[in-house]
Amino acid sequence: MNVSTQTWIVVADDPAVSGLVTTARGLGGAVSAVVVGRKSVADSVARAGVDEVLWLGEPGDGAPVEAYAGEVARVLAEAGAAPLAVVGATTPAGRALLGAVAARFQVPVLAGLRGATLEGDAVVVERSVLGGIAERRVQVVGGPSVLAVAAGGVTDEGTAAAVREVPAQPLGAARVTDVRVKEQTGVDLGAARAVVAVGRGLKAQADLDLITDLAAAAGAELACSRPLAEGVDWVAKERYIGISGQHIAPELYVAVGISGQLQHMVGVRDAKVVVAINSDKAAPVFAQCDYGIVGDLYEVVPALAAALRAGS
Amino acid sequence: MKIVVAYKWAPNPQDAEVAPDGSVDWSRAKGAVSEYDPVAFEAARQLADATGGEVVGLTVGAASVDSPLARKAALSRGLDRLVVVADDRLADADGTRLAAVLAAAVRSIGDVDLVLAGDSSVDVAEGQVPMTLAGQLGWLGMAAVSGVTPSADGVVVERDLPGGITTLALTGPAVLAVTTDAVVPRVPGMKDILGAAKKPVEVVPLDALEVPDVVAATTLSGSRPETGNRRGVIIDGADASSAAAELVAALRTARAL
Ligand SMILES: Cc1cc2nc3c(=O)[nH]c(=O)nc-3n(C[C@H](O)[C@H](O)[C@H](O)COP(=O)(O)OP(=O)(O)OC[C@H]3O[C@@H](n4cnc5c(N)ncnc54)[C@H](O)[C@@H]3O)c2cc1C
Ligand SMILES: Nc1ncnc2c1ncn2[C@@H]1O[C@H](COP(=O)(O)O)[C@@H](O)[C@H]1O
């Protein structure tokens, strides 16, 4: 298969594309976008630093974004020589678009991206695999490199690329009948200097007060392990840390009643100082922390909050 | 309704040994039904019971995904029967190849209305296989599914998306990746485990399926990420307030406060 120097970003009705554009721009060639969703999103993407936007038209009749995934793949396949790379987001809808593209070209989707560069005329990808236990430099020969990256934010480069509408036929399998907007917590854990996270060591939802009090004393944001955000609803979903949640790099991370499973700890690999509080001295978290207190959180947490307040 | 549940028999990377060159030794890690896939089994069972349908388990992978233990673990979780494609040529297959084999198997099962999958696997954990499977089938693929319930003319799907809790009416074939919010999976009892032995298992040879060629990524080099360079100072918390004071002092010295 002939591979061109053209890179595409594929956008699923979400103007947050800075991560996609940065990765695509890093490969040197022209960057075009295929946008599924509202015109306002296409217009926003046009100002995010791409050369051209193909917009699949206003989604009618309640078709979910994912219903256009096959059409996105078709547009790329019909655009001329096979693309050098196709970049999409790791969000639920982003993965659906990438899945259709990967199936169309029968190439892998490369996630866990730590970097992608052009070496000669090939894309060399550095990626973290298997929940972060290993890293690989890989290359796809004979088809586009399909890359899944963090979406990033909304950017405005000042100038707008042309937006061209291309007709598309979504699958008719599903229709959105209702959207209940969630309460926006507006929390930005990524910007927090300190984060106090709690896990299944907490016995009851009401006991969260203890943890929020410690967070307040430490000037920290509250976070949690996945089981406290999914299944039970004790803490908002955008506050859980880990491989399928938030990746953060605060100055201080305090893990309270969290065992330290790989899938959680990979989210704080880049934290400066990690503190663990756990009653089980054999908990894996103690092998991954800077400071650990072996003790009952119901005694240690109030004492720690008091000690922080006493010193300040 | 005929529902296929794509599940993975996989080890937890937590139990793997990684060499400095990034190669992974799985010999001490045991396979299991991937942690979140029982949610898909349970959601499928409940849907099938409500609509009078059938639940077919489907897994593809290396020969080891078809051990007696692996069969029992899957069949005791509410399946009617099992289809396995177990071949060592799939040992290092990436997601797109797995999805291509899964798609071929779904086609060969025939008349499938719905494929349910887990949200992400315990080993690869990228949540990509179900979406690429949808691409291979030319079906609608949706992740972040927090509920699936029967309706008069199909299925009501609930999704927990950044834009809000979204409800959809599903009438056509689809691949749905379900999160742990969807249902609470059953814990297999003695009856389920004994019943598992009587359920049919169909072993489909890889060569019997029409699988397109898939380009594999070439690995140029590997490495083990830098971890484990944390200080590891452990404080006895028997006396909570002195432990707290000691920690606060240490954090101030480390300028973490
Ligand atoms: C594909 C996949 C993706 C995943 N993604 C994520 C993710 O993104 N984020 C995530 O967090 N998890 C994730 N998980 C789940 C992860 O594997 C663990 O199951 C989870 O992190 C465990 O949460 P926990 O530490 O709170 O609970 P547990 O593992 O149950 O640990 C609770 C801890 O509390 C301690 N404890 C109990 N009582 C007390 C007390 N009184 N005082 C002090 N300590 C006490 C116990 O000793 C124990 O160590 C994922 C799993 C899979 C398979
Ligand atoms: N080899 C496989 N066989 C069957 N189902 C799979 C396989 N790999 C992944 N899946 C399904 O896809 C989900 C997500 O896996 P992954 O994309 O690896 O994170 C899993 O929870 C399974 O439901």
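Since the structure is predicted, the reported quantities are computational estimates derived from the model, not experimental observations.

S.K.: For the overall build of chain A, give the residues involved together with the corresponding values.
M.R.: A count of helical and extended segments in chain A gives seven helices and 16 strands. Its C-alpha atoms give chain A principal-axis dimensions of about 65 × 45 × 35 Å. In chain A, buried positions account for 56% of the 312 residues. Counting contacts in chain A only where the partners sit at least 6 residues apart, residues at least 24 apart contribute 62% of the total. Here chain A holds 25 positive side-chain charges and 33 negative ones, and the gap between their average locations is 3 Å.

S.K.: Before we move on, can you summarise the domain arrangement of chain A with the specific residues and values?
M.R.: Residues and elements named next belong to chain A. Here chain A is partitioned into domain 1 (7–165) and domain 2 (189–311). One C-alpha centre belongs to domain 1, the other to domain 2, and the line joining them spans 34 Å. Listed per partner, the contact involves seven residues of domain 1 and four residues of domain 2. Interface area, domain 1 with domain 2, both sides summed: about 350 Å², of which 46% is carbon and sulfur.

S.K.: Run through the site of ligand 1, naming residues and quoting values.
M.R.: Taken together, 31 residues lie near ligand 1, and Arg200(A), Ser225(A), Ile241(A), Ser244(A) and Ser259(A) sit nearest. Lying at an intersection of chains, ligand 1 is approached by residues of chains A and B. Between Tyr36(B) and ligand 1, the recorded distance is 3.5 Å, taken from a side-chain N or O atom to a nitrogen atom. The fraction of the free accessible surface of ligand 1 (990 Å²) that becomes covered by protein chains is 88%. Elements with a minimum of two residues in the shell around ligand 1: helix H6 (262–265) and helix H7 (297–311) of chain A. Split into classes, the residues belonging to the shell around ligand 1 amount to nine nonpolar, 16 polar and six charged.

S.K.: Please set out the domain arrangement of chain B residue by residue, giving values where relevant.
M.R.: Once the domains are mapped, chain B shows domain 1 (2–208) and domain 2 (229–257). Centre-to-centre separation of domain 1 of chain B and domain 2 of chain B, based on C-alpha positions: 44 Å.

S.K.: A description of the site of ligand 2 should follow, citing residues and the corresponding values.
M.R.: Residues and elements named next belong to chain B. Taken together, 20 residues lie near ligand 2, and Ala 6, Asp 37, Val 60, Ser 121 and Gly 127 sit nearest. Here Val 129 contributes a backbone N or O atom positioned 2.8 Å from an oxygen atom of ligand 2. Here ligand 2 loses 99% of its free accessible area of 480 Å² to cover by the protein chains. With three residues, strand E6 (residues 54–61) is the single largest residue contributor to the shell around ligand 2.

So, how was this worked out
Here the residue numbers are simple positions, counted from 1 along each chain's written sequence. To read the labels, note that chains go from A and ligands from 1, taken in the order they are written. Since the coordinates come from a predicted model, pLDDT governs what is reported: local features require at least 70, and pairs of side-chain atoms require 80 or more to be given and counted, while whole-chain, interface and lining totals use all residues. Calculation of side-chain values draws on the structure's entire complement of heavy atoms; hydrogens and water are dropped beforehand. Going along the chain from the N terminus, every DSSP run of H or I of four or more residues is numbered as a helix, and every run of E of two or more is numbered as a strand. When a residue's accessible area, from a 1.4 Å probe over protein chains only, is under 20% of the maximum for its type it is buried; when over 50% it is exposed; and in between it is partly exposed. Whether two residues are in contact is decided by their heavy atoms, any of which lying within 4.5 Å being enough. Neither His nor the chain termini are counted; the positive set is Lys and Arg, and the negative set is Asp and Glu. We put the charge of a Lys on NZ, of an Arg on CZ, of an Asp on CG and of a Glu on CD. Domain start and stop points were drawn from an automatic or database domain assignment. Two parts placed together each lose some accessible area under a 1.4 Å probe, and the buried area is that loss summed for both. To be near a molecule or strand, a residue needs just one of its heavy atoms within 4 Å of it. Whenever two N or O atoms come within 3.5 Å, that pair is a polar contact, provided that in protein one can donate a hydrogen and the other can accept it, and provided that, for residues adjacent in sequence, both atoms are side-chain atoms. Accessible surface is estimated by sampling points in the Shrake-Rupley manner with a 1.4 Å probe; for residues, cover comes only from the protein chains shown. We call Asp, Glu, Lys and Arg charged. Ala, Val, Leu, Ile, Met, Phe, Trp, Tyr, Cys and Pro are nonpolar, and the rest, Gly among them, are polar.

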